[in-house]
Every structure is written in structure tokens, then in C-alpha cells.
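# Fold and geometry: a report
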Amino acid sequence: MTDTEEKNEIFEEKVEKVEKVEEIAVVEPKPEKKKKAKRVISEAEKERLKANLAKGRATSLANRKKKAQLRKIKKEEESKADDEKIFEALQKKLKPKQLEGENARLKEELEKLRNEMNIMKESKAKPPPKQKLIQVLETPQVIERPVKDRREAMNPVEEEEEEEVVEMDEPAPPPPPPAKKEMSKRDIMKMMRGL
């Protein structure tokens, strides 16, 4: 068999199958459904149904308005929450700048308070302590002593002139204690031997 014959056989088989499908598809059509006869409604019943319809429409409209208001309120709350989040984020971002401004304001206030304190100190400053002056009324007497050496004779004792003595109310502050010297390792070892 050649290739063309094989193709023809396959083609013929397919055609036969299609014809069989067409035969099956031709089945009797379904009978049409009968339409229901219209219900006859009296005038009173028509009026009642119209009233019920109007009442239902009014109720439905009220319910829709109520739900629309609830959705609107919910949307506004969500919008407010989003706005608050945005505001808080901006506050966090701007916080360092606010702190700089507040720090500058506090520094100015501190400087102002320091100036006021200095002014108060100056106004209430104590006058300098009064110095007591003592006058020496008498001149000290020079007692001559016998000269033992020639050297002493060459350098006679000079007489002291009168001097003013000044006494202070407050004694001079004691000298600061000497700084502690760090001990060397050698000194530490010497001390350890004695233990």
C-alpha cells in the first residue's frame, strides 16, 4: 500500500463515521409546551395587588436608602482612619524638625533664665569683706646684743620701719592635698613581701 491509499482509507472511514452521527441526530423533536391560560383577576384584587406593590416599593426604597447611608458612614470611617494613619506618618517624619524647633526655644528660655539669675546675683551680691586695718603706734625697740663675731659687727641689724598690718576675716584656704602618685610594679612587689 502506498501513502495515498492509506490516506484515502482513513479519509473514507472518517466520512462514514460522520454520516452515522447525522443519522443519530435526526431524532423526533420534542412536543411544544402548552401555554398557561391567563388568570382572570377582578378589579378589587387588582387594586389590592397595586397597593401591595406600591407598599413593597416604598419599603424597598427605604431599605436601600438605609443601606446606602450605612455604606456611606462606613466609607467615611475608613477614610478617617486612613487620614489618621497618613497624619501620624507625617508627624513621625516631621518630628525631628519639631524637636529642633522646640530645642531652640528651650535653649532661648534657658539663656533668658540664666541672665535673670545673674542679674539677681549682682543685685544681691555681698559687699567685699571689710579689711581691718591696725596701726602700729609704737616703734619696736631694738635691743642691742653683744657682738660675738666680727662678721656680725660688719652686718649690723637694720631697724625695721613701721608697717601696716592687714588682717583678713577669712583665713586662706588650705593647700590642696598632694596628688597620689601611682605605684610602680616594683613598689607594689616590695609592699607585698612584707605581708
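The structure displayed is predicted, hence computed values, not measured ones.

To continue, consider the overall build of the protein chain. Secondary structure summary: the protein chain contains four helices and two strands in total. The linear arrangement of helices and strands in the protein chain, starting from the amino end, is α-α-β-α-β-α. Classification of the 195 residues of the protein chain by burial places 0% in the buried group. Accessible area for the protein chain stands at about 21800 Å²; split by element, carbon and sulfur atoms hold 56% of it.

Where like charges cluster on the molecular surface, the negative patch consists of Glu76, Glu77, Glu78, Asp82, Asp83, Glu84 and Glu88. Examined against the element boundaries, Glu84 turns out to sit in helix α2 (residues 43–123).

Together, Met183, Ile188, Met191 and Met192 line one region of the surface with nonpolar side chains, adding up to about 400 Å² of accessible area. Relative to the helices and strands, Met183 resides in the loop between β2 (165–167) and α4 (185–194). For Met183, a relative accessible area of 42% gives the class partly exposed.

Here we take up the pattern of salt bridges. One pass over the full model with this rule turns up three salt bridges. One salt bridge in this structure joins Glu45 and Arg39, with 2.8 Å as the shortest N-O distance. In the salt-bridge network here, residues are joined through shared partners; they are Arg39, Glu45 and Arg48.

Definitions and limits used
Residues numbered from 1 in each chain as written. Predicted model: local features only at pLDDT ≥ 70, side-chain atom pairs only at ≥ 80, totals over all residues. Heavy atoms only, no water. Helix = DSSP H or I, 4+ residues; strand = E, 2+ residues; numbered from the N terminus. Buried < 20%, exposed > 50% of the residue type's maximum accessible area, 1.4 Å probe, protein only. Areas by Shrake-Rupley, 256 points an atom, 1.4 Å probe, with all protein chains shown as cover. Patch = residues over 30% accessible without salt bridge, like charges linked within 9 Å, V, L, I, M, F, W, Y side chains within 5 Å. Salt bridge = Lys/Arg side-chain N within 4 Å of Asp/Glu carboxyl O. Lys, Arg positive; Asp, Glu negative; His and termini not counted. Charge placed at Lys NZ, Arg CZ, Asp CG, Glu CD.

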